[in-house]
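What the coordinates show
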Amino acid sequence: MRPHIDDHDLELKAKSIRRFLDDGNKAKVSMFFRGREIVRPDLGMKVFERLTVLITGKFSIEQTPRLEGKNITMVVAPKS
């Protein structure tokens, strides 16, 4: 994903993540920053907040979103 992802594209990603979680798999969500986008990591965190709202249900956030270099990653797992 990118920090300036469109609403429809984000909904499509959320649908794919929900499908992985329903099958019992984990999902690793990552966002890549290019160039000067890294100056505003708060925009990326807002996208992750919107994503967690979209995938409400039987899941738990195994690893909260955190900045690692030019990437923000988050791991979502199904609740057992």
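**With respect to the pairing of strand S2 (residues 59-68)**
In the sheet, S2 pairs with strand S3 (residues 71-78) via 7 bridges, with the strands oriented antiparallel. Bridge pairing in S3 places Leu67 opposite Ile72. Counted between consecutive antiparallel strands, the loop separating S2 from S3 contains 2 residues, among which Gly69 sits at a positive phi close to 70°.

**Side note on the sheet that holds strand S1 (residues 27-32)**
Hydrogen bonds along the backbone pair up the strands of a sheet, which may run parallel or antiparallel. Across the sheet, which stays open at both edges, the 3 strands sit in the order S1-S3-S2 with antiparallel pairing between neighbours. In this open sheet, the two edge strands, each paired with only one partner strand, are S1 and S2. For this sheet, the mean angle separating the axes of adjacent strands, direction not counted, is 10°. In this structure, S1 lies alongside S3, joined through 6 bridges in antiparallel fashion. Looking at the pairing, Ala27 lines up with Val76 of S3. Along the sheet face, helix H1 (residues 7-22) touches S1, S2 and S3 and points at about 40° away from the line of S3.

**Quick look at the pattern of salt bridges**
Under the criterion given, the structure shown has 5 salt bridges. Between Glu62 and Lys26 there is a salt bridge, with its nearest N and O atoms 3.0 Å apart. Linking Glu62 in strand S2 with Lys26 in the loop between H1 and S1, this pair joins segments that are 36 residues apart in sequence. Judged by relative accessible area, which is 47%, Glu62 ranks as partly exposed.

**Topic: the environment of Phe48**
Position of Phe48 relative to the elements: it lies in helix H2 (residues 41-54). A sequence separation of 19 residues divides Phe48 from Val29, and the C-alpha atoms of the two residues are 8.8 Å apart. Beyond its immediate chain neighbours, meaning those up to four positions away, Phe48 contacts Met1, Val29, Met31, Pro65, Ile72 and Met74.

**Some words on H1**
Its 16 residues give H1 an end-to-end C-alpha distance of 22 Å, which sits within 8% of 22 Å, the value for a rise of 1.5 Å per residue. Those residues of H1 that sit buried are Leu10, Ala14, Ile17 and Leu21. With its buried residues spanning 65° around the axis, H1 presents them on a single face. In H1, the exposed residues that point more than 90 degrees away from the buried face are His8, Lys15 and Asp22.

Conventions we followed
Residues numbered from 1 in each chain as written. Predicted model: local features only at pLDDT ≥ 70, side-chain atom pairs only at ≥ 80, totals over all residues. Heavy atoms only, no water. Pairing = 2+ DSSP bridges. Helix = DSSP H or I, 4+ residues; strand = E, 2+ residues; numbered from the N terminus. Axes fitted to C-alpha atoms, helices over the stretch in contact; angles between N-to-C directions. Contact = heavy atoms within 4.5 Å. Salt bridge = Lys/Arg side-chain N within 4 Å of Asp/Glu carboxyl O. Buried < 20%, exposed > 50% of the residue type's maximum accessible area, 1.4 Å probe, protein only. Expected span 1.5 Å × (residues − 1). Arc of directions from axis to C-beta.

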